[in-house]
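# Structural characterization, general
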Amino acid sequence: MWPFLDINLLLFVHFLLLYSYLSSSVPSHLYSTSCQLQGQFHLNGMHKAGDVVLGGLFGIHFFSVFPDLSFTSEPQQPTCHSFDIPGFRYAQSMAFAIEEINRSTNLLPNVTLGYSLYDNCVKLGVGFRAALSLANGREEQFILDDTCVGTPPVLGIVGDSSSTSSIAISTVLGLYRVPMVSYFATCSCLSDRQKFPSFFRTIPSDAFQVRAMIQILRHFGWTWTGLLVSDDDYGLHAARSFQSDLAQSSGGCLAYLEVLPLGNDPAELRRIVDVMRKSTARVVIVFAHESRMINLVEEVVRQNVTGLQWMASEAWISATVLQTPQLMPYIGGILGIAIRRGEIPGFRDFLLQIQPDLQHNKSYGNSMVNQFWEYTFQCSFAPPHAGWVEAGGSLCTGQEDLEIAETKFLDISNLRPEYNVYKAVYALAYALDDMLRCEPGRGPFSGNSCGTLQRLESWQLMHYLEKVNFTTSFGDQVSFDENGDALPIYDVMNWLWLPDGRTKIQNVGEFKESAKGEELTLDEDKIFWNSESKKPPRSVCSESCPPGTRMARKKGESECCFDCILCSEGQISNRTDSLECTTCPEDFWSTAQRDHCVPKKTEFLSYQEPLGICLTTISLLGTFICAVVLGIFTYHRSTPIVRANNSELSFLLLVSLKLCFLCSLLFIGRPRLWTCQLRHATFGISFVLCVSCILVKTMVVLAVFKASKPGVGGSLKWFGAVQQRGTVMVLTSIQAAICTAWIVSASPAPHKNTQYHNDKIVYECVVGSTVGFAVLLGYIGLLAVLSFMLAFLARNLPDSFNETKLITFSMLIFCAVWVAFVPAYINSPGHYADAVEVFAILASSFGLLLALFGPKCYIILLRPERNTKKAIMGRGIQS
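Just so it is clear, the model here is predicted, and its values are computed rather than measured.

## Some words on the overall build of the chain
A tally of regular secondary structure across the chain gives 22 helices and 29 strands. Across the 879 residues in the chain, those meeting the buried criterion constitute 51%. Within the chain, contacts between residues separated by at least 24 positions form 70% of all contacts whose residues are at least 6 apart in sequence. In the structure as shown, the chain presents an accessible area of about 40,100 Å², 56% of it carried by carbon and sulfur atoms.

## A look at the sheet that holds strand β11 (residues 224–230)
A sheet is described by the order of its strands in space; here eight strands give the open sequence β12-β11-β13-β14-β15-β18-β19-β20, paired in mixed fashion. Edge positions in the sheet fall to β12 (253–260) and β20 (517–522), since each has one partner strand and no second. Within the sheet, the average angular offset between the axes of one strand and its neighbour, ignoring direction, is 25°. Relative to strand β13 (residues 283–287), β11 is paired through five bridges, and the arrangement is parallel. Paired with Leu227 across the two strands is Ile285, which belongs to β13. Strands β11, β12 and β13 of the sheet are contacted by helix α6 (residues 233–249), whose axis makes an angle of about 155° with β11. Sheet strands touched by helix α7 (residues 266–278): β11, β12, β13 and β14 (309–312). Its angle to β12, the strand with the most contacts, is close to 165°.

## Comments concerning a nonpolar patch on the surface
There is a patch of nonpolar side chains on the surface, built from Leu620, Val655, Leu659 and Leu662 and spanning about 290 Å² of accessible area. Relative to the assigned elements, Leu662 resides in helix α16 (residues 647–663).

## Things to note about the state of the cysteines
Covalent bonding between the sulfur atoms of two cysteines is what defines a disulfide. All told, the structure shown has nine disulfides when counted by the stated rule. Covalent S-S linkage joins Cys567 and Cys581, the inter-sulfur distance amounting to 2.0 Å. Note on the Cys567 and Cys581 pair: the S-S dihedral is about -80°, so by sign convention the disulfide is left-handed. Within this pair, whereas Cys567 is found in the loop between β22 (562–566) and β23 (571–572), its partner Cys581 is found in the loop between β23 and β24 (582–583), the two being separated by 14 residues in sequence. With respect to burial, Cys567 and Cys581 carry one shared label: buried. You can see Cys660 has no disulfide; the closest cysteine sulfur is in Cys690, sitting 5.1 Å from it.

## Side note on the packing of helix α5 (residues 206–220) against α6
Close contact between α5 and α6 brings their axes to 9 Å; oriented N to C, the two are set at 50°. By the angle between their axes, α5 is oblique relative to α6. Crossing hand, α5 versus α6: right-handed. Along its contact with α5, which presents Asp206, Ala207, Gln209, Val210, Arg211, Met213, Ile214, Leu217 and Arg218, the element α6 presents Tyr234, Ala238, Ser241, Phe242, Asp245, Leu246 and Ser249.

## Examining the side chain of Asn120
Within the fold, Asn120 resides in the loop between β6 (113–119) and α3 (124–136). Within the structure, the side chain of Asn120 is placed 3.5 Å from the backbone nitrogen of Gly59, a separation counted as a polar contact.

## Some thoughts on the environment of Gly251
For Gly251, the position within the fold is in the loop between α6 and β12. Sequence-wise, Gly251 and His219 are 32 residues apart; in three dimensions their C-alpha atoms are separated by 9.8 Å. Setting aside residues up to four positions removed in sequence, Gly251 forms contacts with Arg218, Trp222, Thr223 and Leu246.

## What about the packing of helix α2 (residues 85–103) against helix α12 (residues 417–436)?
Contact geometry for α2 and α12: axes closest at 8 Å, N-to-C directions at 35°. The crossing of α2 and α12 is right-handed. Contacts between α2 and α12 involve Arg89, Tyr90, Ser93, Met94, Phe96, Ala97, Ile98, Glu100 and Ile101 from the former and Pro417, Glu418, Val421, Tyr422, Val425, Tyr426 and Ala429 from the latter. Considering only residue class, the contact of α2 with α12 consists of 12 nonpolar, one polar and three charged.

The rules behind the values
- Residues numbered from 1 in each chain as written.
- Predicted model: local features only at pLDDT ≥ 70, side-chain atom pairs only at ≥ 80, totals over all residues.
- Heavy atoms only, no water.
- Helix = DSSP H or I, 4+ residues; strand = E, 2+ residues; numbered from the N terminus.
- Buried < 20%, exposed > 50% of the residue type's maximum accessible area, 1.4 Å probe, protein only.
- Contact = heavy atoms within 4.5 Å.
- Areas by Shrake-Rupley, 256 points an atom, 1.4 Å probe, with all protein chains shown as cover.
- Pairing = 2+ DSSP bridges.
- Axes fitted to C-alpha atoms, helices over the stretch in contact; angles between N-to-C directions.
- Patch = residues over 30% accessible without salt bridge, like charges linked within 9 Å, V, L, I, M, F, W, Y side chains within 5 Å.
- Salt bridge = Lys/Arg side-chain N within 4 Å of Asp/Glu carboxyl O.
- Disulfide = S-S within 2.5 Å.
- Parallel < 35°, antiparallel > 145°, perpendicular 65-115°, else oblique.
- Left-handed = near helix turned anticlockwise from the far one by under 90°.
- Polar contact = N/O pair within 3.5 Å; in protein donor to acceptor, adjacent residues only side chain to side chain.
- Nonpolar A, V, L, I, M, F, W, Y, C, P; charged D, E, K, R; others polar.

See the structure below:
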């Protein structure tokens, strides 16, 4: 948990803390009445006395030479270098907040707050010493009274800035419930209340920052990214959280994850930058502190790696050391998460009032201001060696003017960590105010007691700190959740590369949690993109699969690397990056693009299509011809040619032929239940009626021929008009019975056939019973064959009976058509089967009509001289 924490230091801390607290809480009759500190750390600090003292830990210097730890009477002073102006301004924001609270008449009106601020040199060891000094106090000896009560040296601590330091320090301070409010430690691990019960923070957790990063990635469609983290608690916890949340949100994949070395490791940095250069990921996310970024960026420049979109965590988004014209071609246009910016009225005037301590410039008690003064004005209060002034060095007078100094110390236009410090101090102050306003007898502690100024305890303040809720002058609400985390809100920042080479960090949006959930707001028009196109880069392993395709993951690669496979016919995907294709409903089919389903095309023998129109026309033409012939025969019904061979059968035959032509219309149009039932029944009965009439006519001809022979004239009595009509009715009734049995047992019905074409619905009539349909056709065939055979046998009769030749020829046509119909019908798909059947009906009907009635009409209309009884009688006997 503590990667840099020496075990000796931990034991040392526990020993002194326990010694300190035990000596202040154990009855005096067990120990001596005074407590003597065994040693005192000499640390850079800044102090102010008060009724209640708050502690603070700030990184005023970057690096330190840390001495060996020991229990000597004179602990050595760590040597810190590289004065940090922002860190000193953080400390001053705490001092300003306390001064402002002391001036307030509403907040802690009768209490004066003091402070003890220490420089941790951005080192865990130094920070631990500073925390220990705050917990123990600065008095070398203090007297214990009989009641063992009193105010602790500090009631709460503002800090630390580092997650690693906060983890280590808070673990120890949490044992004694000393409140610690950090302004910059973001590790999500610090939200664990079991491990860190007294830890609070005014900066959102990294868990929220990670979600903000992922929301930005999703907003721009960046699904293929690289992640760099520092090798400490801050970076490693951020990496774990990022990987977990990225997987849960399905927001993308990591092309690589690299851990930045702690020190300057050129070989490792070369390897990491080489990975970045070779990767197809164009977006790089970095969770690291500013000090870790310097060497990395230098290596990026050395390898000339350009075209990357950098995303910065809050730890380095405002790093001024990287904002140089030389680096902008490589890292310009950075997007990142920043702490919420705030405004602190009067803060600049307070900074201008800072003056060095001329009386105690050699003391470490208030050394921070003096060090700041020396750094800012490049002078010294105490020459480091003789002849230093002669060598060109200058002495500090304390009268130097900060207003005209070339320093960013007075730049308060972008107060972010300072604003968090400001809120942390006010949180402790409001908690203390709430505690001191407690009414005796109505308090939250044992026996309904309250905390008092004379008997303050840190754990009592922590109770009120958990419930604190106030609004700053900037309008931000401050409170802590059950984990000690502040209300989450971040600004989204962008590095704007100005034409003159300077860099401006501009606010382009915010990410916050509201009643509606987590909300990301971006002003894309303001964002500077460091590319020729001035547009957001593309950072994907594989381009998104468009609608109509599905994702097929590449074997052995990340789930973000895939191929786009076109959906199969009949399947669609109507959104981008579909994992699978969806099958269209039964009556629908996919478009050529496979992006949506459309109703399948319907196919049947329609009245609107050319084939249907042609067959309908032929059917109506045949019906019309039958009507004309029937009209001619009716008009000439008294003529010998009409009356010959039972004119009644001729009229019945014409009617049946008309029905045959008309029944073909039932095969055209969308099949319905009633049309499916009628089409075959009407067809079967009509043709049986027609063939029965022909059969009876043939039998009559044969009977008349036999009756003309001597001795057999009585045979005609069995073929009178009544017998002929009866025979036709009986034969037709058999077919009607067959049709009825077929419809009742297995009725033909409409059917949607999708087997012929996947993208079409062929509407057809299924016969229901193949046996029924076969019997129907077989019966017609039987009568037709009998008629043909009888007519064929009578073909050589005398000319007076030559109608049998016409019957023979008509039956030959009829049989030929229907014999050809069977294989053609079986092999015709869809509506073509209906067309084949209609064609067979029309062909056979026209064959019968023309063969049987064509010659007679010819005689009636064109050769009337042959349509006489004499002509008929001259050639034979009239029937």
